[in-house]
Amino acid sequence: MVKYRRIAAVEGGSSLVDDRSWEEFLIPYEQAVEELKVKFRGIRKELKKRNEYSPIEFVTGRIKKISSILEKANKLGIPLDRLEEVEDITGIRIMCQFVQDIDRVAELVRQRSGKDMTLVYEKDYIKNEKPSGYRSHHIIIKYPVHTAQGEKEILAEIQIRTLAMNFWATIEHSLNYKYEGNIPEDIRERLRTTAEAAYLLDTEMSEIRDEIRDAQQMFEYKSNIVSRILQGIQNLYQRGFVVEATEFQNEFRQMRARGDVSELRQLSRTIRAKIQEVRTRE
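Residues numbered from 1 in each chain as written. Predicted model: local features only at pLDDT ≥ 70, side-chain atom pairs only at ≥ 80, totals over all residues. Heavy atoms only, no water.

### Things to note about the layout of surface pockets
Over the atoms, a rolling probe the size of a water molecule traces out where space has been left empty.
For step 1, the next point in the chain: By volume, the largest pocket is sized at about 1600 Å³.
For step 2, the next point in the chain: Along its surface, the largest pocket is lined by 37 residues, and Lys 64, Lys 72, Asp 88, His 173 and Asn 176 are the ones closest to its centre.
For step 3, the next point in the chain: At the level of secondary structure, the elements contributing two or more residues to the lining of the largest pocket comprise strand E5 (58-63), helix H2 (66-76), strand E8 (137-147), strand E9 (150-162) and helix H4 (163-178).
For step 4, the next point in the chain: Per-element accounting of the lining of the largest pocket gives the leading share, 7 residues, to H4.
For step 5, the next point in the chain: Tallied by class, the residues present in the lining of the largest pocket amount to 10 nonpolar, 10 polar and 17 charged. (1 Å grid on protein atoms, 1.4 Å probe; cavity = no way out; pocket = protein on both sides within 12 Å on 5 of 7 lines; lining within 4 Å. Points joined across faces, edges and corners; volume = space filled by probe spheres on them. Helix = DSSP H or I, 4+ residues; strand = E, 2+ residues; numbered from the N terminus. Nonpolar A, V, L, I, M, F, W, Y, C, P; charged D, E, K, R; others polar.)

This is the structure we're talking about:
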């Protein structure tokens, strides 16, 4: 178990933390990251299975590094014996395709408040971007974690942003790390310019989002039909109906070359009917 025996409380380096078990301290935060990722990925999966559009493209999560926790606590004047007041030790990032999706995801979080999490407050850095050009929608929640030591309610931060916003934020974070928060002014100016370019990209994509979504949904619909056809053919092979399975496979190859969705849909229905017929014989 990792223990930090002498960690200065950055102010003057006078305050020390003795024998603090960071692994033990971070257990509920690590658990919260995993649980929240599962919850939001589950929403995306459910919507996809129902052939509905998901505003969630993908979800990531992280635990703040110990050095960053201490720096944040020092910046906010939080004593080391109250580190649980740092709001973003647990961080969840939800990426969206379009700016409009961000509001939908934020509403999904609001709807869960009072159920499996509690909304504390929101920070909208999209309508009110930071001077650096940073854009994202942040939601601070309280989340109950059930550990071996009992229930513990912790603070967590959910960041909702587009893929373009996330790309920009990742670059800015790396530069902040390199220059220890003192990015040269010429690079800051270029970052602000690229932030506007990224937002312009998001705006342009939003203008044609209906066409993009229609194309994506058609692709997923066709993929699902193909998957059902292949599963059905495999099912017939496994049941010993090799001749029928081979005929369907040859027919499928011809149809797939033509790419006609209505033909593929009809073939899927025919194979399903054949499997039902086979089952009644067994």
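### As for the environment of Ile 275
For step 1, the next point in the chain: Mapped onto the secondary structure, Ile 275 falls in helix H8 (residues 261-281).
For step 2, the next point in the chain: Judged by relative accessible area, which is 8%, Ile 275 ranks as buried.
For step 3, the next point in the chain: Sequence separation between Ile 275 and Phe 241 is 34 residues, and the spatial gap between their C-alpha atoms is 9.8 Å.
For step 4, the next point in the chain: The residues touching Ile 275, leaving out its near neighbours within four places in the chain, are Gly 232, Asn 235 and Leu 236. (Buried < 20%, exposed > 50% of the residue type's maximum accessible area, 1.4 Å probe, protein only. Contact = heavy atoms within 4.5 Å.)

### Examining the UniProt feature "domain: RelA/SpoT" (unreviewed entry) in the protein chain
For step 1, the next point in the chain: The feature "domain: RelA/SpoT" (unreviewed entry), as given by UniProt, occupies residues 61-183 in the numbering adopted here.
For step 2, the next point in the chain: Strand forms 33% of residues 61-183 and helix 33%; the C-alpha atoms that close the span are 26 Å apart. (UniProt positions renumbered as here; feature names shortened; annotations may be inferred.)

### With respect to the sheet that holds E9
For step 1, the next point in the chain: The 5 strands are arranged E5-E6-E9-E8-E7 in an open sheet whose pairing can be described as mixed. Pairing within the sheet leaves two strands with one partner each, and these edge strands are E5 and strand E7 (118-124). Adjacent strand axes in the sheet meet at a mean angle of 25°, parallel and antiparallel pairs treated alike. (Pairing = 2+ DSSP bridges. Axes fitted to C-alpha atoms, helices over the stretch in contact; angles between N-to-C directions.)

### Quick notes on the domain arrangement of the protein chain
For step 1, the next point in the chain: If you check the domain split of the protein chain, you get domain 1 (19-183) and domain 2 (186-281).
For step 2, the next point in the chain: The C-alpha centroid of domain 2 is placed 33 Å from the C-alpha centroid of domain 1.
For step 3, the next point in the chain: Contacts between the two partners involve 24 residues from domain 1, matched on the other side by 20 residues from domain 2.
For step 4, the next point in the chain: Together, the buried faces of domain 1 and domain 2 total about 1900 Å²; carbon and sulfur atoms form 55% of this surface.
For step 5, the next point in the chain: Applying the counting rule to domain 1 against domain 2 returns 2 salt bridges.
For step 6, the next point in the chain: Measuring nitrogen to oxygen at the nearest pair gives 3.2 Å for the salt bridge that ties Glu 196 to Arg 135.
For step 7, the next point in the chain: For the pair domain 1 and domain 2, the number of links is 9 residue pairs in polar contact (both at pLDDT 80 or more).
For step 8, the next point in the chain: At the level of secondary structure, the elements contributing two or more residues to the side of domain 1 that touches domain 2 comprise helix H3 (99-112) and H4.
For step 9, the next point in the chain: Sort the elements by how many residues they give to the side of domain 1 that touches domain 2 and H4 lands first, with 6 residues.
For step 10, the next point in the chain: Within the side of domain 1 that touches domain 2, the residues separate by chemical class into 12 nonpolar, 8 polar and 4 charged. (Domains from an automatic or database assignment. Buried area = accessible area lost by both parts, 1.4 Å probe. Salt bridge = Lys/Arg side-chain N within 4 Å of Asp/Glu carboxyl O. Polar contact = N/O pair within 3.5 Å; in protein donor to acceptor, adjacent residues only side chain to side chain.)

### With respect to the environment of Phe 167
For step 1, the next point in the chain: When you line up the elements, Phe 167 lands in helix H4.
For step 2, the next point in the chain: Look at Phe 167 and you get exposed, because its relative accessible area is 59%.
For step 3, the next point in the chain: For the pair formed by Phe 167 and Ala 198, sequence separation is 31 residues and the distance between their alpha carbons is 8.7 Å.

### Some thoughts on the packing of helix H6 (residues 209-238) against helix H7 (residues 242-258)
For step 1, the next point in the chain: Orientation of H6 relative to H7, taken along the N-to-C sense of each, is 155°, at an axis distance of 8 Å. The angle between H6 and H7 falls in the class roughly antiparallel. Along this stretch, H6 crosses H7, giving a crossing that reads as left-handed. Contacts between H6 and H7 involve Val 226, Ile 229, Leu 230, Ile 233, Leu 236 and Tyr 237 from the former and Val 242, Ala 245, Thr 246, Phe 248, Gln 249 and Phe 252 from the latter.
For step 2, the next point in the chain: Among the residues making up the contact of H6 with H7, the classes are represented as 10 nonpolar, 2 polar and no charged. (Parallel < 35°, antiparallel > 145°, perpendicular 65-115°, else oblique. Left-handed = near helix turned anticlockwise from the far one by under 90°.)

### Here we look at the side chain of Asp 88
For step 1, the next point in the chain: The topology assignment puts Asp 88 in the loop between H2 and strand E6 (90-96).
For step 2, the next point in the chain: A relative accessible area of 6% places Asp 88 in the buried class.
For step 3, the next point in the chain: Separated by 3.0 Å, the side chains of Asp 88 and Lys 72 make a polar contact.
For step 4, the next point in the chain: The contact partners of Asp 88, leaving out residues within four places of it in the chain, are Arg 62, Lys 64, Lys 72 and Glu 157.

### Description of the pattern of salt bridges
For step 1, the next point in the chain: Inspection of every chain in the model, using the stated rule, returns 18 salt bridges.
For step 2, the next point in the chain: Glu 157 is paired through a salt bridge with Lys 123; the nearest N and O atoms lie 3.8 Å apart. Placement of the pair is Glu 157 in strand E9 and Lys 123 in strand E7, with a sequence separation of 34 residues.
For step 3, the next point in the chain: The exposure class assigned to Glu 157 is buried, which follows from its relative accessible area of 5%.
For step 4, the next point in the chain: The closest approach of N and O atoms between Glu 263 and Arg 258, which form a salt bridge, is 3.0 Å.

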